[in-house]
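# Geometric and topological summary
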Amino acid sequence: MKVVKNRKMAYTLIIGCGRLGSSLANELSDRNSDVLIIDRDKDAFRKLAPSYGGLTLTGDATDFNILSIAHIKKVTTIIATTDSDNTNIMLAQIAKTIFNINRVIIRLFDPDRLCVYNDMGIETISPLLLSIKEIETRIDIDKETINEKASGFDR
Amino acid sequence: MKKQAVLIGSFNRARALAKSLNSKGYHVTIIYNNYEKCKILAEIEEVTVIYGEETKPFVLEDANIKDADIAIALTSKDEDNLIICELCKKKFNVKKTISVLNDPLKTDFFYKMGVDSVICEVNAITNIIEQQAIYEGIVTMIPTGEGRISIVEVPILIGSPAVGKKLWEINLPKDVIIGCIIRGEESKIPRGDTRILSGDKLILISANKQEIYAIKELTGQI
């Protein structure tokens, strides 16, 4: 049997245990991935499934002491899903510039502050942009079917 | 044209700072997120007040931040202050940005992100309290260089151990120098053979909190 020792274990840190954060944590834990979720409010962890097999940590994730308790140096992916865009951006910048974390994914409600994090290699998910894209594609599909029908009438 | 200063957030700080910047010849614009408080701020003379969410780029644009010489982020949230300063720097090319900060551990991080000047309230307040508690009545102390360096004024009273000694005879800590001696109306830059007299005021420059040992050596107090 060959044991691969040097392979770095995937360890995901999720910040903010809201609907998005808790669902992601449940999903990753179901896939047997190492997960730690941080939230300021202990009660937020009730959203986690009973089967959740990862860790939880109560505290302010922008506090360097909390981050070191979370073993941030071993983290491979950080996902910031707090309800404050500014907190998410700051967390991403801390992760990138101070702890050199490879994958940093943040949720942003307002994509207006792009210039702040544009050149830092931070991946962003915006519900607004996603919705616009989705609705646009659906409208386009509607148009196509209308056009098809219209051309059908022509014949 | 008048120099433009934009203050962002915090009712009390903005109000106090606006008045003092006004008197120094700045035109002040305040951005604040509470309409009623904005009305009160607008009563200050020659101040422009913008009501809106402080960290939104279009609100900053409304405040003409492009023309600002200095932008000061005063909100109580560290992350908001950081984003405000970054927006000012990267989007609006403001020359100088200043941010207040609650968490002293983030000072270096803020500088790294391009904020020109970071003022850590906790550090500033602890320094002042320290000065009041330890040195009260004896010396005046001005912290500088993010609190690492202190400029201290020490009066030499009759009976102080340093009276009558030449500078090189005094065993000062390595990180302290006597930068200036104020003697009555005149002030002189001392040399090794300058003698300290009672009634002198010494201006010390000290690094790494060594001033307390120097004060002990010079005055015998504390």
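Every chain is numbered independently, its residues counted from 1 as its sequence is written. Just so you know, chain letters begin at A and ligand numbers begin at 1, following the order they were written in. With pLDDT at 70 or above as the cut-off, local features in this predicted model cover only qualifying residues; side-chain atom pairs require 80 or more to be listed or tallied, and sums for whole chains, interfaces and linings still use all residues.

### Comments concerning helix H7 (residues 211-219) of chain B
Residues and elements named next belong to chain B. What H7 keeps buried is the set Glu211, Ala214, Ile215, Leu218 and Thr219. Along the axis of H7, the buried positions cluster into a sector of 105°, meaning they face one direction only. Those residues of H7 hidden inside the fold are in contact with strand S8 (149-155), strand S9 (176-183) and strand S11 (201-207). Numbering of helices and strands runs from the N terminus, with a helix taken as a DSSP run of H or I at least four residues long and a strand as a DSSP run of E at least two residues long. At the exit of H7 stands glycine 220, carrying a positive phi of roughly 75°. Any residue whose C-beta has 12 or fewer other C-beta atoms within 10 Å is treated as exposed, any with 20 or more as buried, and any in between as partly exposed, C-beta atoms being built from the backbone. An arc is given here, and it is the one of the directions from the helix axis to the C-beta atoms. In this description, any two residues whose backbone-derived C-beta atoms lie within 7 Å of each other are considered to be in contact.

### Side note on helix H1 (residues 11-23) of chain B
Given a rise of 1.5 Å per residue, 13 residues ought to cover 18 Å, and the 19 Å separating the end C-alpha atoms of H1(B) matches this to within 8%. Downstream of H1(B) by one or two residues, Gly25(B) has phi in the positive range, about 90°. Take the number of residues in a helix, subtract one, and multiply by 1.5 Å to get its expected span.

### Quick notes on the pairing of strand S7 (residues 140-144) of chain B
Any two strands with at least two DSSP-identified bridges between them are counted as paired. Pairing analysis gives five bridges linking S7(B) to S8(B), with the strands arranged antiparallel. Residue Thr144(B) lies in a different strand from S8(B), and its bridge partner there is Ile149(B).

### Considerations on the environment of Met141(B)
As for its position among the elements, Met141(B) is in strand S7. Sequence spacing of Met141(B) and Ser160(B) is 19 residues, and the spatial spacing of their C-alpha atoms is 19 Å.

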